[in-house]
Amino acid sequence: MHEPRDPGPSAEQQAGDGEVGYRGVTACSAVGISYRQLDYWARTALVVPSVRDASGSGTSRLYSFRDLVVLKVVKRLLDAGVSLQNIRKAIEALRSRGVDDLAGITLISDGTTVYECRSPEEVVDLLQGGQGVFGIAIGGAFKEIQGSLSHLPAEPVGAPEREDAPVVEPEADSVGDELAARRARRRAG
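Residues numbered from 1 in each chain as written. Predicted model: local features only at pLDDT ≥ 70, side-chain atom pairs only at ≥ 80, totals over all residues. Heavy atoms only, no water.

A. The side chain of Arg52, seen in detail. With respect to the helices, strands and loops of the structure, Arg52 is situated in the loop between helix H3 (35–43) and strand E2 (62–63). Residue Arg52 is classed as buried on the basis of its relative accessible area, which comes to 18%. A distance of 3.2 Å separates the side chain of Arg52 from the backbone oxygen of Ser60, its partner in a polar contact. (Helix = DSSP H or I, 4+ residues; strand = E, 2+ residues; numbered from the N terminus. Buried < 20%, exposed > 50% of the residue type's maximum accessible area, 1.4 Å probe, protein only. Polar contact = N/O pair within 3.5 Å; in protein donor to acceptor, adjacent residues only side chain to side chain.)

B. Layout of the pairing of strand E3 (residues 106–109). Bridging between E3 and strand E4 (residues 114–117) involves four bridges; their strand directions are antiparallel. Across the sheet, Ile108 pairs through a bridge with Tyr115, a residue of E4. If you look at the hairpin formed by E3 and E4, you'll find four residues sitting between the two strands, and Gly111 has a positive phi there, around 95°. Here E3 runs beside strand E5 (residues 134–137); their pairing, made up of four bridges, is antiparallel. Bridge pairing in E5 links Ile108 to Gly135. (Pairing = 2+ DSSP bridges.)

C. Structural context of the sheet that holds E4. Taken together, the three strands give an open sheet; going across it, the order is E4-E3-E5, and neighbouring strands pair in antiparallel fashion. Single-partner strands in this sheet number two, and they are E4 and E5. Between one strand and the next, the sheet's axes are offset by a mean angle of 25°, whatever the strand orientation. Docked against the sheet, helix H8 (residues 138–149) engages E3 and E5, running at close to 50° with respect to E5. (Axes fitted to C-alpha atoms, helices over the stretch in contact; angles between N-to-C directions. Contact = heavy atoms within 4.5 Å.)

D. Highlighting the sheet that holds strand E6 (residues 155–156). Pairing in this open sheet of three strands is antiparallel, and the strands run E2-E1-E6 from one edge to the other. With partners counted over all chains shown, the strands left at the sheet margins are E2 and E6, one partner each.

Quick look at the structure:
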């Protein structure tokens, strides 16, 4: 018999007040990355889970909503061809920001350098100067993650870690290609 599905965290909990966390498999599904990528980024300290890091065999990482937004930004920058070294610099600048602060930032890149813009005027100035080739509105990533999490499980932060819960890598087909999905939506009209 199946237990009733938890409706998930409230908007306030998703916004990063620290009451819920997300396991690695959930993070992968919400962000659209493989478990191998998530593991590599955590081990190399690109994006370390802020709720709970793995502490040996049998333990699992627990990511905050803010962590998921940062993971989504990393994925988008990589997809756009920005080097991991430049992504590291951009993420360092974002680490100290709160969720509300992150939502107001747009990252613009020319494929080499990543610029942080806090207002539409800064975006326009950068584009007029010829530096920008593409932009990532972090507020948009914020909303995408909220939508993805609406049907994914969250875990209360204070809950004891279950050692019997297996860590399962999501199947490759379950992690969609964001660009392909957008093209399909455009064709569908």
